[in-house]
Amino acid sequence: MIDRLNAIITGLRNAVTLTVEKLLERLREENIEVPEERTIGDWGGWGGVISKAMEAGIISLSDADIDAMYYVFRRCATLEEMVREALARPEEIDENFVNNLMDDFRENVEALARVRERIEQLVS
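Residues numbered from 1 in each chain as written. Predicted model: local features only at pLDDT ≥ 70, side-chain atom pairs only at ≥ 80, totals over all residues. Heavy atoms only, no water.

Student: Hey, could you run me through the environment of arginine 106 in this one?
Tutor: Assignment of secondary structure puts arginine 106 in helix 4 (residues 95-123). In this structure arginine 106 comes out as partly exposed when scored by relative accessible area, which is 41%. (Helix = DSSP H or I, 4+ residues; strand = E, 2+ residues; numbered from the N terminus. Buried < 20%, exposed > 50% of the residue type's maximum accessible area, 1.4 Å probe, protein only.)

Student: Please clarify how unusual backbone geometry should be interpreted in this entry.
Tutor: Across the chain, the bulk of peptide bonds are trans and the bulk of non-glycine residues have phi less than zero. Phi at asparagine 31 takes a positive value of approximately 60 degrees, unusual for a residue other than glycine. Mapped onto the fold, asparagine 31 is located in the loop between helix 1 (2-29) and helix 2 (43-55).

Student: What's the story with the nonpolar core in this structure? I'm lost.
Tutor: Soluble globular proteins tend to bury their nonpolar side chains together. Core analysis: the largest hydrophobic core is formed by 35 residues, its most contacted members being Leu5, Ile8, Leu23, Val49 and Phe73. For this core, the secondary structure elements donating two or more residues are helix 1, helix 2, helix 3 (63-88) and helix 4. Here this core gets 10 residues from one element, more than from any other, and that element is helix 1. Not counting chain neighbours up to four residues away, the residues in contact with isoleucine 8 comprise Leu79, Val83, Leu101, Met102 and Phe105. (Core = buried A, V, L, I, M, F, W, Y, C linked by side-chain atoms within 4.5 Å. Contact = heavy atoms within 4.5 Å.)

Student: Even after reading the chapter, I still don't get the pattern of salt bridges, so can you show me in this structure?
Tutor: Two side chains with opposite charge may pair up if their charged atoms get near one another. For the coordinates displayed, the defined rule picks out 7 salt bridges. The salt bridge involving arginine 4 is made with glutamate 95; its shortest N-O contact spans 2.6 Å. Here arginine 4 is found in helix 1, whereas its partner glutamate 95 is found in helix 4, with 91 residues between them in sequence. The class of arginine 4 is partly exposed, set by a relative accessible area of 26%. (Salt bridge = Lys/Arg side-chain N within 4 Å of Asp/Glu carboxyl O.)

Student: Honestly, a negative patch on the surface in this entry has me stumped. Any pointers?
Tutor: Among the surface-exposed residues, Glu21, Glu25, Glu117 and Glu120 lie close enough to one another that they form a single negatively charged patch. Elements with a contribution of two residues or more to the negative patch: helix 1 and helix 4. Assignment of secondary structure puts glutamate 21 in helix 1. (Patch = residues over 30% accessible without salt bridge, like charges linked within 9 Å, V, L, I, M, F, W, Y side chains within 5 Å. Areas by Shrake-Rupley, 256 points an atom, 1.4 Å probe, with all protein chains shown as cover. Lys, Arg positive; Asp, Glu negative; His and termini not counted. Charge placed at Lys NZ, Arg CZ, Asp CG, Glu CD.)

Student: What exactly am I supposed to notice about the environment of glycine 11 here?
Tutor: Secondary-structure assignment places glycine 11 in helix 1. On the accessibility criterion, glycine 11 (17% relative accessible area) is buried. Residues glycine 11 and arginine 74 lie 63 residues apart in sequence; the distance between their C-alpha atoms is 16 Å.

Student: Quick question: what am I supposed to make of the packing of helix 1 against helix 3 here?
Tutor: When two helices pack together, their arrangement is given by the angle between their axes and by how far apart the axes lie. Where helix 1 meets helix 3, the closest approach of the two axes is 10 Å, and the angle between their N-to-C directions is 155 degrees. Comparing their axes, helix 3 and helix 1 come out roughly antiparallel. Crossing handedness for the pair helix 1 and helix 3: left-handed. For the pair helix 1 and helix 3, the contacting residues are Ile2, Leu5, Asn6, Ile8, Ile9, Leu12, Arg13, Val16, Thr19 and Val20 in the first and Phe73, Cys76, Leu79, Glu80, Val83, Arg84, Ala86 and Leu87 in the second. (Axes fitted to C-alpha atoms, helices over the stretch in contact; angles between N-to-C directions. Parallel < 35°, antiparallel > 145°, perpendicular 65-115°, else oblique. Left-handed = near helix turned anticlockwise from the far one by under 90°.)

Right, here's the structure in full:
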């Protein structure tokens, strides 16, 4: 079960990074510094990447796009927090709980894929 929880953390980190990868690449091409994030779903950090991309004219987002992205990143942060808490108390976790977290993980990865598609549409 611990391996599955660690896989959630790794998978979320990879999915979030992939989601903003194109924006990060374009910002670096423009020599705009972007700090690396330590928290998977940190909207303050990842939202900062999106904000910087908007300021640089790389992407233009509606309020609805921003709200949807905030919601997805926030869900990822919540899941990360839940997994980290479970890892801190492995004796309290059971198979059902881990299965529920895995379901949440899959839903978040799907939502991140939709965000990535939207970003890629707007950056192209």
